[in-house]
Amino acid sequence: MEKEKLMRRKMKRVALTGGIASGKSTVSALIRQAGVPVADADVLCRQVMAPGTEAARKILNLWPQAGTQDGGIDRAELARIVFADASARQMEAGIVLPAIQSAFEAWASERASEGAALCVYDAALIFEHGLEREFDGVLLVAADESVQLERLRARNALTEDEARRRLAAQWPLTDKQKKANWVIFNNGSREALAREFARVWAEVLSELGISS
Ligand SMILES: Nc1ncnc2c1ncn2[C@@H]1O[C@H](COP(=O)(O)OP(=O)(O)OP(=O)(O)O)[C@@H](O)[C@H]1O
Ligand SMILES: [Mg+2]
């Protein structure tokens, strides 16, 4: 009986977002440690473009030069093609985004049927794609641009110019901060992040009416 009640309760969903190299994946590891399932948009993106998928077929029809020998997609080559041509980028988004969305929905309904009270979606472009409407709240990881640049360059071995160009493709942090429900600042150490996370996560759970 208790379990049935749990299953009927509507699962809450939180989007976890933030600029490139702001610390989303680091925060999503803390959320998983707290026992809450997290889906990663980048992982879903790879799955929906895997060899033999509908999205892979459509992409290879349009841009056969992005194909690999095993029928897969060379994501770096595809990125080069679509970032050089706005209409190609729109076409690609029209194929890939709906596929990612439906993969997320399938994942979320599995979590709901397991009785999860809450699930989280880690995605950099929540606001850019207007996806905030699909969630009970948005948790933003915020870091100063200088910190993002430093972490991005350290992790990806990019030149300053390459790192700046990747940053420029996303909304400015101040615009995201206005729209987010909760903000975790990540300019300091990992220890400081863990403390900030614990404080903000307690607020998230309490505002969503979830007991920890
Ligand atoms: N507080 C911190 N102190 C030191 N290093 C950190 C801190 N937070 C994150 N990092 C490091 O900075 C890099 C970027 O963090 P992370 O991968 O979590 O960001 P992200 O927002 O998920 O990035 P992406 O947009 O590429 O998915 C990683 O190498 C991570 O280990
Ligand atoms: Mg990440």
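Our subject is the structure that appears above.
Keep in mind that what you see is a predicted model, and the values were worked out from it rather than measured. (Residues numbered from 1 in each chain as written. Chains lettered and ligands numbered in written order. Predicted model: local features only at pLDDT ≥ 70, side-chain atom pairs only at ≥ 80, totals over all residues.)

Engineer: Give me the overall build of the protein: which residues, what numbers.
Structural biologist: Counting secondary structure elements, the protein contains 10 helices and five strands. At 19 Å, the protein has a C-alpha radius of gyration in line with the 17 Å of a compact globule built from 212 residues. In terms of its C-alpha atoms, the protein occupies a principal-axis envelope of roughly 55 × 45 × 25 Å. The buried share among the 212 residues of the protein stands at 28%. (Helix = DSSP H or I, 4+ residues; strand = E, 2+ residues; numbered from the N terminus. Rg over C-alpha atoms; globule rule 2.2 N^0.38 Å. Buried ≥ 20, exposed ≤ 12 C-beta atoms within 10 Å, placed from the backbone.)

Engineer: Report on the site of ligand 1, specifying residues and quantitative values.
Structural biologist: Every one of the 15 residues lining ligand 1 counts as a neighbour, but Gly 23, Lys 24, Ser 25, Thr 26 and Arg 151 are closest to it. Elements represented by at least two residues in the shell around ligand 1 include exactly α2 (24-33), α7 (145-156) and α10 (190-208). Counting residues per element, the shell around ligand 1 draws most heavily on α2, at three residues. A class-by-class count of the residues in the shell around ligand 1 yields four nonpolar, seven polar and four charged. (Near = placed C-beta within 6 Å. Nonpolar A, V, L, I, M, F, W, Y, C, P; charged D, E, K, R; others polar.)

Engineer: If you had to explain the nonpolar core to someone new, which residues and values would you point to?
Structural biologist: A general tendency of soluble globular proteins is for nonpolar side chains to be buried together. Grouped together as the largest cluster of nonpolar side chains are 42 residues, with contacts concentrated most on Ala 15, Leu 16, Ile 59, Val 120, Tyr 121 and Leu 139. Sort the elements by how many residues they give to this core and strand β4 (residues 137-142) lands first, with five residues. Setting aside residues up to four positions removed in sequence, Tyr 121 forms contacts with Arg 13, Ala 15, Leu 16, Ala 39, Ala 41 and Phe 104. (Core = buried A, V, L, I, M, F, W, Y, C linked by C-beta atoms within 7 Å. Contact = placed C-beta atoms within 7 Å.)

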